[in-house]
Structure formats: structure tokens, C-alpha cells
Amino acid sequence: AIQKAKRIIALMCQCGLEAKRTDEGPFAVQVCSKAISYSEGELRVGPWPTEVESALLLTQAAYTKAQCLSWEIEDQGLLNGIDEEIEEEKEEEEPTDELIPPDPEELEEQEEIKELTPEEKAEISEKKREMIRSLLYGLELSHQFGQHWMMSNGLVHFWNLHLDTVATSHDNPKLLKRALQEYRDAQ
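Residues numbered from 1 in each chain as written. Predicted model: local features only at pLDDT ≥ 70, side-chain atom pairs only at ≥ 80, totals over all residues. Heavy atoms only, no water.

**Section: the nonpolar core**
What tends to happen in soluble globular proteins is that the nonpolar side chains get buried as a cluster.
Move 1: Cys 13 and Leu 58 are the most contacted members of the largest nonpolar core, which totals 37 residues.
Move 2: At the level of elements, helix H1 (2-21), helix H2 (25-38), helix H3 (52-75), helix H5 (118-144) and helix H6 (148-171) are the ones that each hand at least two residues to this core.
Move 3: Tallying contributions element by element places H3 first for this core, with eleven residues.
Move 4: Those residues in contact with Leu 58, other than ones at most four positions away along the chain, are Ile 9, Cys 13, Ala 35, Ile 36, Ser 39, Val 45, Tyr 137 and Leu 141. (Core = buried A, V, L, I, M, F, W, Y, C linked by side-chain atoms within 4.5 Å. Buried < 20%, exposed > 50% of the residue type's maximum accessible area, 1.4 Å probe, protein only. Helix = DSSP H or I, 4+ residues; strand = E, 2+ residues; numbered from the N terminus. Contact = heavy atoms within 4.5 Å.)

**Side note on the packing of aromatic side chains**
Move 1: The full count for this structure, using the stated rule, is one aromatic pair.
Move 2: Look at Phe 158 and Tyr 183: their rings are 6.0 Å apart centre to centre, the planes differ by 15 degrees, and that puts the pair in the stacked class. Of this pair, Phe 158 sits in helix H6 while Tyr 183 sits in helix H7 (residues 181-186); the two residues are 25 residues apart in sequence, bridging distant segments of the chain. Here the two residues Phe 158 and Tyr 183 agree in accessibility, since each one is buried. (Phe/Tyr/Trp six-rings, centres within 6.5 Å; stacked < 30°, edge-to-face > 60°.)

Written out as C-alpha cells, the structure reads:
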């Protein structure tokens, strides 16, 4: 019975990977989350060197889940790794004697930015935390099974998913004050 259940978990991982390939992000997140949660306890893979294939599938599922969560975050126009519940510091604008008309493109961009409710901010910040936990889970599983190439993949995913945050913080260092604690700890 345990072997059958482990086989179902492996199939769930594969299903999640295929869902991502077909741009079905929310479904992929759901399936990968279930596969990972079912693999705990009695259905845990291993120990190394047995069940390496299953461990690799779970690692891929964790990375897939992180990528799909990132899609959802990016769809909101937000950066990974930044806590949306921490208010942005408002920069005081120096008053000028000249009246400069606002740039029409800048006004358009400001109109497109939707203000999130506190509940939405909490939800999106939790997605960001879950994305980081998924990446860390994949890295840990790769390490347990001695799959260093898969650890490298996880590090690349972590970097790529947070690249916009790093680039933006270069121009706006105050942004890093709002970095999630999980993001800081993972570095």
C-alpha cells in the first residue's frame, strides 16, 4: 500500500510539471502542494540512495510550485521577496517654485497601480513566503539525496525569481528594508 501511495505522489509531481508547461499555474501549485504534503511522515522518500527518482520528482515539484507562485505575484505587478504588509516609505518631495506639468505617461502608470487591501497584502506576502519555502524544500531534498546538480538548479531558480528585486533595489536601496525575513534568511 505504501509503494502504491508513493507511486501516486510521483504521478502527482509529474501532473504538476505538465500543468506548468501548459501555463496552468494555479492548478500546478495545488497539485505540487498536495504531492509535497503527502510525502511527509510515513510516505517520506528515502533514505538515500534509495528512491532518488522520487526525491528528484518532489524537488522538481517544489521548484515548479515556486515558479508558478512567482507568476501569480508578477501578475499583480509586485516583486518577489518584498513584504507587502510593510508600508512603503514615502519620499518627501521638495517644493519647487516652478509649476511643472505632470508627465502623461507617469500619470497613466500611477492609475494602473491598484492599491491592495490589507487582506490582499497579507495573502500576497504569504504566497511570497510559500515560494521561498518551496525553493528551500527543494534545495534541502536535493542535498539529502546528494543531487548537487539539482541544488544548483534550485539556486538558479532562487536567483532568477528574485532578480527583479535585486535590480530594483540597486536603484532604490530603501526597498530592502521591506524584504521578507524568509528572503533574508535564505540568502
